[in-house]
Amino acid sequence: MDNTTFPDRPARAANEERMAEIILPHQTNGYGTMFGGDVMALMDKAAAIAALRFCRLPVVTASTERIDFRTPIGQGEIVEAFSRVIYVGRSSMVVRVHLFAEHPLIGDRRLCTTGYFSMVAINREGGPAPVVPQLLLLDDDAHAEHAVGAEIHAAIAARRNSRTTGRS
């Protein structure tokens, strides 16, 4: 458990969330592959679901981090997003999303895109809601992903601080 900063908050493990859809012609470019923007929108939705289910508060996307497009996704393929909260701050969460594509008739599957999203829980006024639960780290994989999430969270904080101080 990572409770060094917020010992008074309840803690819970983050579930791996899954969502799937089939890629239709209107989601593809002239090469028959999925538009990058549509890939990112699908991943953003998967990240929002993971964050919402983890904290049970309204969430918004604060930033997208380290999105790697590995292989294209073709028209007619099934895409499946796997998302999980891997790091929790005061009101923010870092969510990892893996996007897999599968040929529906053959069944071969491949990792196509990986990305990290910073999601923020918000209150009724639209401001940050500092009541996000702590993240329970139940195994070595959770600890490893948490370390990646901590690096991403630190990079976001550094970027935010350099903007407010005028440094670039």
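Residues numbered from 1 in each chain as written. Predicted model: local features only at pLDDT ≥ 70, side-chain atom pairs only at ≥ 80, totals over all residues. Heavy atoms only, no water.

Taken as a whole and assessed by the stated rule, the structure comprises one aromatic pair. Both rings, one in F82 and one in F100, keep their centres 5.5 Å apart while their planes meet at 85°; by these two values the pair is edge-to-face. Of this pair, F82 sits in strand β4 (residues 78-88) while F100 sits in strand β5 (residues 92-102), and the two are 18 residues apart along the sequence. Residue F82 is classed as buried on the basis of its relative accessible area, which comes to 12%. Positioned over the ring face of F54 is R12, at 5.9 Å from the centre of the ring. Its guanidinium or amino end placed over the ring of F100, R109 lies 4.6 Å from that ring's centre, counting from NZ or CZ. (Phe/Tyr/Trp six-rings, centres within 6.5 Å; stacked < 30°, edge-to-face > 60°. Helix = DSSP H or I, 4+ residues; strand = E, 2+ residues; numbered from the N terminus. Buried < 20%, exposed > 50% of the residue type's maximum accessible area, 1.4 Å probe, protein only. Lys NZ or Arg CZ within 6 Å of the ring centre and 35° of its normal.)

This part covers the sheet that holds strand β3 (residues 59-69). Strand order in the open sheet formed by five strands is β2-β4-β5-β6-β3, with antiparallel pairing between adjacent strands. Of all strands in the sheet, those bounded by a partner on one side alone are β2 (17-22) and β3. Strand after strand, the sheet turns through a mean of 25° between neighbouring axes, direction not considered. Pairing of β3 with strand β6 (residues 109-121), which is carried by eight bridges, proceeds in the antiparallel orientation. Within β6, the position partnered with T64 by the bridge is F117. Sheet strands in contact with helix α1 (residues 36-55) are β2, β3, β4, β5 and β6, and its direction is about 55° off that of β6. (Pairing = 2+ DSSP bridges. Axes fitted to C-alpha atoms, helices over the stretch in contact; angles between N-to-C directions. Contact = heavy atoms within 4.5 Å.)

The subject of this paragraph is the environment of L137. Considering the arrangement of structural elements, one finds L137 in the loop between β7 (134-136) and α2 (140-165). On the basis of relative accessible area, L137 is assigned to the buried category, the value being 11%. Residues L137 and A13, 124 residues apart in the sequence, show an inter-C-alpha distance of 6.5 Å.

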